[in-house]
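# Summary of the model geometry
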Amino acid sequence: MTVNNNILYIDYGQVDYSPAIIDYDFLNKRPRGGSSRIDFFSHGMISSSLDGISFDNKVFLKKDNIFFEKGVFLLDFSQIVNNHQLFIEMVQDLKFTKIYVENSKHYNILPVVEKLTNVEVILMNFGSEESGK
């Protein structure tokens, strides 16, 4: 695993980073972290798209105007920090050499991504660079 030292700051607008992996609270079925920012700026599109749908531990969502042109993978980072295999197996199955992962303020995802091999991990913060200082 290679963690890119540059952190991407996702403020607002369309980006083509893919695959993007973002935190979502599956237990309470509501956005958390980056997914809450995306949901806010997309006028509740994530919440409304997932309302009434049953899902286990990951969801791929592709909609217009949700920041990520090629869609996003929503994973519950609270589950991933306790069960690294959920994340590792998903990334291995995707067969990408570079992934974009939310740099969560709530859950330290670095110990999980460090277990990946042959994958460059680029961390993303949501909000402007100035708001992160």
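What this report covers is the structure whose coordinates are included nearby. (Residues numbered from 1 in each chain as written. Predicted model: local features only at pLDDT ≥ 70, side-chain atom pairs only at ≥ 80, totals over all residues. Heavy atoms only, no water.)

## Focus: the side chain of His84
- Relative to the helices and strands, His84 is located in helix 4 (residues 84-94).
- A polar contact of 3.1 Å, which involves the side chain of His84, links it to the side chain of Lys115.
- Once residues lying within four places of it in the same chain are set aside, the contact partners of His84 are Pro111, Val112 and Lys115. (Helix = DSSP H or I, 4+ residues; strand = E, 2+ residues; numbered from the N terminus. Polar contact = N/O pair within 3.5 Å; in protein donor to acceptor, adjacent residues only side chain to side chain. Contact = heavy atoms within 4.5 Å.)

## A few points about helix 1 (residues 34-41)
- For helix 1, the complete set of buried residues consists of Gly34, Ser35, Ile38 and Asp39. For helix 1, the arc enclosing every buried residue in end-on projection is 135°, short of the 170-degree limit, so these residues lie on one face.
- Looking at the buried residues of helix 1, the elements they touch are strand 3 (20-25), strand 4 (30-31), helix 2 (45-50), strand 6 (72-75), strand 7 (98-102) and strand 8 (120-126).
- In the stretch just after helix 1, His43 is the one whose phi turns positive, near 55°. (Buried < 20%, exposed > 50% of the residue type's maximum accessible area, 1.4 Å probe, protein only. Arc of directions from axis to C-beta.)

## A short note on unusual backbone geometry
- Here the bond from Ser18 into Pro19 is cis, since omega is -5°, no more than 30 degrees from zero.
- Looking at the element boundaries, Pro19 is found in the loop between strand 2 (8-10) and strand 3.
- Residue Lys29 is not a glycine yet carries a positive backbone phi of 55°.
- Along the chain, Lys29 turns up in the loop between strand 3 and strand 4.
- Residue classification places Lys29 among the exposed residues on the basis of a relative accessible area of 52%.
- Of note, Asn118 is a non-glycine position whose phi angle comes to about 60°, a positive value.
- If you trace the backbone, Asn118 turns up in the loop between helix 5 (110-113) and strand 8.

## So, the nonpolar core
- Ranked by internal contacts, the top residues of the largest apolar core, which has 21 residues, are Phe68 and Leu74.
- Put simply, the parts of the chain that give this core at least two residues each are strand 3, helix 2, strand 5 (58-61), strand 6 and strand 8.
- Setting aside chain neighbours within four positions, we find Leu74 in contact with Ile22, Tyr24, Phe26, Ser35, Ile46, Leu50, Asn57, Lys58, Val59 and Leu61. (Core = buried A, V, L, I, M, F, W, Y, C linked by side-chain atoms within 4.5 Å.)

## What to know about the pairing of strand 6
- Going residue by residue along strand 6, you find Val72 and Leu74 tucked away on one face and Phe73 and Leu75 tucked away on the opposite face as well.
- Here three bridges tie strand 3 to strand 6, and the two strands are oriented parallel to one another. Within strand 6, the position partnered with Asp23 by the bridge is Leu75.
- As paired strands, strand 5 and strand 6 are joined by four bridges and run antiparallel to one another. Bridging across to strand 6, Leu61 finds its partner in Val72. (Pairing = 2+ DSSP bridges.)

## A few points about the environment of Gly71
- Position of Gly71 among the secondary structure elements: in the loop between strand 5 and strand 6.
- Classification of Gly71 as buried rests on a relative accessible area of 2%.
- Between the alpha carbons of Gly71 and Asp16 there is a distance of 8.7 Å; along the sequence they are 55 residues apart.
- Non-local contacts of Gly71, meaning those with residues more than four positions away in its chain, are made with Ala20, Phe60, Leu61 and Lys62.

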